[in-house]
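Listed below, chain by chain, are the residues.
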Amino acid sequence: MIGPKEDFFHCLKCNLCLAVSLQGKHKCIENVSRQNCPICLEDIHTSRVVAHVLPCGHLLHRTCYEEMLKEGYRCPLCMHSAVDMRRYWKHLDEEVAQTPMPSEYQNMTVDILCNDCNGRSTVQFHILGMKCTICESYNTTQAGKQRVSLDQQ
């Protein structure tokens, strides 16, 4: 690592030098530094660019992370949210509440998989997004068939 030794520590499990501010606060993944950055595909361990640890534990070069945030918010490997999205989810709650669905979609439910908590649930379909009933994230993907509730047809 480049920089003052007192600003970094070596995590034995990750086999990586990290900023002191992350000591005891990062998610360890054994020998994670022996991976390539999933964005630029260069080796993280031998790089002179500082590594950034995502909340899911995956690593990116700091510069690659900053470029990634210009286009999206998800880890390119596991699709977990790479930043705290709670404020945006609350904003999306308001948008969903103010955007009624056309009558043909009002009784439609879908099975979803949450990329943040890995939970599965059946929720009301909405064009703006489907909210996970477990962790309240909108970082979801449709996992099954759409269906219309029989009791409301």
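Residues numbered from 1 in each chain as written. Predicted model: local features only at pLDDT ≥ 70, side-chain atom pairs only at ≥ 80, totals over all residues. Heavy atoms only, no water.

Description of the overall build of the chain
Where we set the bar: For helices the rule is a DSSP run of H or I covering at least 4 residues; for strands it is a run of E covering at least 2, with both sets numbered from the N terminus onward. Burial classes follow relative accessibility: with a 1.4 Å probe on protein chains only, a residue under 20% of its type's maximum area counts as buried, one over 50% as exposed, and anything between as partly exposed. Between two residues, a contact is recorded if the distance between any of their heavy atoms is within 4.5 Å. For the area figures, the Shrake-Rupley method with a 1.4 Å probe applies, and any residue is considered shielded solely by the protein chains shown.
Scanning the chain from terminus to terminus reveals two helices and seven strands. For the chain, the α and β elements follow one another from N to C terminus as β-β-β-β-α-α-β-β-β. Relative to its full complement of 153 residues, the chain shows a buried share of 34%. Sequence-distant contacts in the chain: of pairs separated by 6 or more residues, those separated by 24 or more amount to 38%. Working note: accessible area of the chain is about 9800 Å², and carbon and sulfur atoms make up 50% of it.

Structural notes on the pattern of salt bridges
Convention followed: The rule for a salt bridge is simple: a side-chain nitrogen of Lys or Arg has to be within 4 Å of a carboxyl oxygen of Asp or Glu.
Going through the model one piece at a time under the given rule, you end up with three salt bridges. Across the salt bridge formed by D84 and R86, the nearest N and O atoms sit 2.6 Å from each other. The exposure class of R86 is exposed, given its relative accessible area of 58%.

Brief notes about the packing of aromatic side chains
Where we set the bar: Aromatic pairs are defined between Phe, Tyr and Trp rings, using the six-membered ring for Trp, whenever the two ring centres lie within 6.5 Å; interplanar angles under 30 degrees are classed as stacked, those over 60 as edge-to-face, and all others as tilted.
Inspection of every chain in the model, using the stated rule, returns four aromatic pairs. Ring geometry for Y88 versus W89: centroids 5.7 Å apart, planes at 55°, classification tilted. With a relative accessible area of 43%, Y88 lands in the partly exposed category. In textbook terms, an aromatic cluster arises when at least three aromatic residues are bridged by ring pairs, as seen for Y73, Y88, W89 and Y138.

What about the confidence of the model for the chain?
This is how the line gets drawn: You can read pLDDT as the predictor saying how much it trusts each residue, on a scale of 0 to 100.
Chain-level pLDDT for the chain is 84 on average; 82% of the residues reach the 70-or-more range. Mean pLDDT values over the elements of the chain span from 69, in strand β2 (residues 16-19), up to 96, in helix α2 (residues 86-97).

Details of the side chain of H52
Filter applied, for reference: Polar contacts here mean pairs of N or O atoms no more than 3.5 Å apart (in protein, one a potential hydrogen donor and the other a potential acceptor; neighbouring residues in sequence count only if both atoms are side-chain atoms).
As for its position among the elements, H52 is in strand β3 (residues 51-53). Residue classification places H52 among the buried residues on the basis of a relative accessible area of 14%. Here the side chain of H52 touches R62 through a polar contact of 3.0 Å, side chain to side chain. With residues up to four places along the chain from it excluded, the contact list for H52 reads H58, L59, L60, H61, R62 and Y65.

Observations concerning helix α1 (residues 62-71)
Rules: Directions pointing from the helix axis toward each C-beta atom define the arc.
Residues of α1 that are buried: C64, Y65 and M68. Viewed end-on, α1 has its buried residues packed into an arc of 100°, placing them on one side of the element.

Topic: the side chain of S137
Mapped onto the elements of the fold, S137 is located in the loop between β6 (120-124) and β7 (140-148). The residues contacting S137, other than those within four sequence positions of it, are W89, C114, D116, M130, K131 and C132.

Some thoughts on the environment of Y105
The topology assignment puts Y105 in the loop between α2 and β5 (108-114). Y105 sits in the partly exposed class, given a relative accessible area of 33%. C-alpha of Y105 to C-alpha of Q124: the two residues are 19 residues apart in sequence and 9.1 Å apart in space. Y105 has contacts with Q124 and F125, leaving out every residue within four places of it along the chain.

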